[in-house]
Amino acid sequence: PGGPPGIAADSRRRRAQGQRRDAVTDRIVLRGMRFEGRHGLLEAEQTNAQPFLVDVELLLNLQPAGVEDDISLTVDYREVYATCRQIVESTSFRLVEALAEAIAHELLAALPAAEVGVRVSKPQVDLGGPVEFVGVEVWRTRSAERRRRR
């Protein structure tokens, strides 16, 4: 209510518009991860750390973990957090789009999710006037071939 619509709302909207997904509707959500990073077009943005907010949604079947109450049957949230933190804090991109893409790529490569949604927000940006934040949201799906190999 009051804030920007979440990744889940966007996902529901896409499905309502006829863009079907695999049957997986379960998701793990990490929202509001805050890291300090050096990303941006300006030299000062590449030199001085600034805050970045990261939201992640991972689509995968959570039923086995829920039934068995077994962490080995799901994704450890600490691994997701650590991956996001490592990318935001130890790399440098000119574009927030590139940062979001790197996070999505790494999460899909490391975890058994069928699909990942990543939102990166940059709250401290100078556009010449008031703005709460700028950001991007990307959704990436594991290729059919990679799904067969897992």
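Below you will find a few notes about this structure. The shown structure was predicted, so the numbers you read here are calculated from the model rather than taken from an experiment. (Residues numbered from 1 in each chain as written. Predicted model: local features only at pLDDT ≥ 70, side-chain atom pairs only at ≥ 80, totals over all residues. Heavy atoms only, no water.)

### Points about the overall build of the chain
Logical step 1: A count of helices and strands for the chain gives six helices and four strands.
Logical step 2: Secondary structure elements of the chain, listed N to C terminal, follow the sequence α-β-α-β-α-α-α-β-β-α.
Logical step 3: Contacts in the chain between residues far apart in sequence, at least 24 positions, make up 65% of those at least 6 positions apart.
Logical step 4: Accessible surface for the chain amounts to roughly 8900 Å². Of this, 51% is attributable to carbon and sulfur atoms. (Helix = DSSP H or I, 4+ residues; strand = E, 2+ residues; numbered from the N terminus. Contact = heavy atoms within 4.5 Å. Areas by Shrake-Rupley, 256 points an atom, 1.4 Å probe, with all protein chains shown as cover.)

### Focus: the side chain of Arg119
Logical step 1: If you trace the backbone, Arg119 turns up in strand 3 (residues 115-122).
Logical step 2: Separated by 2.6 Å, the side chains of Arg119 and Glu137 make a polar contact. (Polar contact = N/O pair within 3.5 Å; in protein donor to acceptor, adjacent residues only side chain to side chain.)

### A closer look at the nonpolar core
Logical step 1: In this structure, Val54, Val56, Leu58, Ile103 and Val118 are the most contacted members of the largest nonpolar core, which totals 28 residues.
Logical step 2: Looking at this core element by element, the count peaks at seven residues for helix 5 (residues 96-110).
Logical step 3: Ignoring any residue separated from it by four or fewer positions in sequence, one finds Ile103 in contact with Val54, Cys84, Ile87, Val88, Val118 and Val120. (Core = buried A, V, L, I, M, F, W, Y, C linked by side-chain atoms within 4.5 Å. Buried < 20%, exposed > 50% of the residue type's maximum accessible area, 1.4 Å probe, protein only.)

### Remarks on unusual backbone geometry
Trans peptide bonds make up most of the peptide bonds, and negative phi angles are found at most residues other than glycine.
Logical step 1: Although it is not a glycine, Asp69 adopts a positive phi angle of roughly 55°.
Logical step 2: Residue position: Asp69 is located in the loop between helix 3 (63-68) and helix 4 (77-90).

### Focus: the environment of Asn61
Logical step 1: Along the chain, Asn61 falls in the loop between strand 2 (50-59) and helix 3.
Logical step 2: Distance from Asn61 to Thr25, taken between C-alpha atoms, is 7.5 Å for residues 36 residues apart in sequence.
Logical step 3: Only 2.9 Å separates the side chain of Asn61 from the backbone nitrogen of Gln63, close enough to count as a polar contact.

### Examining the pattern of salt bridges
Logical step 1: In this structure the tally under the stated criterion is seven salt bridges.
Logical step 2: Two residues, Glu137 and Arg119, come together in a salt bridge whose shortest N-O distance is 2.6 Å. Taken together, the residues Glu137 in strand 4 (residues 134-141) and Arg119 in strand 3 connect sequence positions 18 residues apart.
Logical step 3: Since its relative accessible area comes to 25%, Glu137 is described here as partly exposed. (Salt bridge = Lys/Arg side-chain N within 4 Å of Asp/Glu carboxyl O.)

### Focus on helix 5
Logical step 1: Relative to the 21 Å expected for 15 residues at 1.5 Å per residue, helix 5 spans 21 Å between its end C-alpha atoms, a close match to the ideal helical length.
Logical step 2: Three or more residues of helix 5 are buried, namely Val96, Leu99, Ala100, Ile103, Ala104, Leu107 and Leu108. For helix 5, the angular spread of the buried residues around the axis is 160°, confining them to a single face. (Expected span 1.5 Å × (residues − 1). Arc of directions from axis to C-beta.)

### Notes on the packing of aromatic side chains
Logical step 1: Inspection of every chain in the model, using the stated rule, returns one aromatic pair.
Logical step 2: Between the aromatic rings of Phe35 and Tyr81, the centroid separation amounts to 5.1 Å while the plane-to-plane angle is 55°, which identifies the pairing as tilted. Note that Phe35 is positioned in strand 1 (residues 27-37) and Tyr81 in helix 4, a separation of 46 residues in sequence.
Logical step 3: Looking at Tyr81, the relative accessible area reads 34%, which means it is partly exposed. (Phe/Tyr/Trp six-rings, centres within 6.5 Å; stacked < 30°, edge-to-face > 60°.)

### Remarks on the sheet that holds strand 4
Logical step 1: Across the sheet, four strands lie side by side as 1-2-3-4; this open sheet has antiparallel pairing. The open sheet has two free edges, formed respectively by strand 1 and strand 4, since each of these has just one partner strand. In this sheet, adjacent strand axes meet at a mean angle of 15° when their direction is disregarded.
Logical step 2: As paired elements, strand 3 and strand 4 share eight bridges and run antiparallel to each other. When the bridges of strand 4 are listed, Arg119 appears paired with Glu137.
Logical step 3: Each of strand 1 and strand 2 is contacted by helix 4, which is oriented at about 30° to strand 1, the strand it contacts most.
Logical step 4: Where helix 5 meets the sheet, its contacts fall on strand 2, strand 3 and strand 4, and the angle it forms with strand 3 comes to roughly 150°. (Pairing = 2+ DSSP bridges. Axes fitted to C-alpha atoms, helices over the stretch in contact; angles between N-to-C directions.)

Keep in mind these values describe shape, not function.
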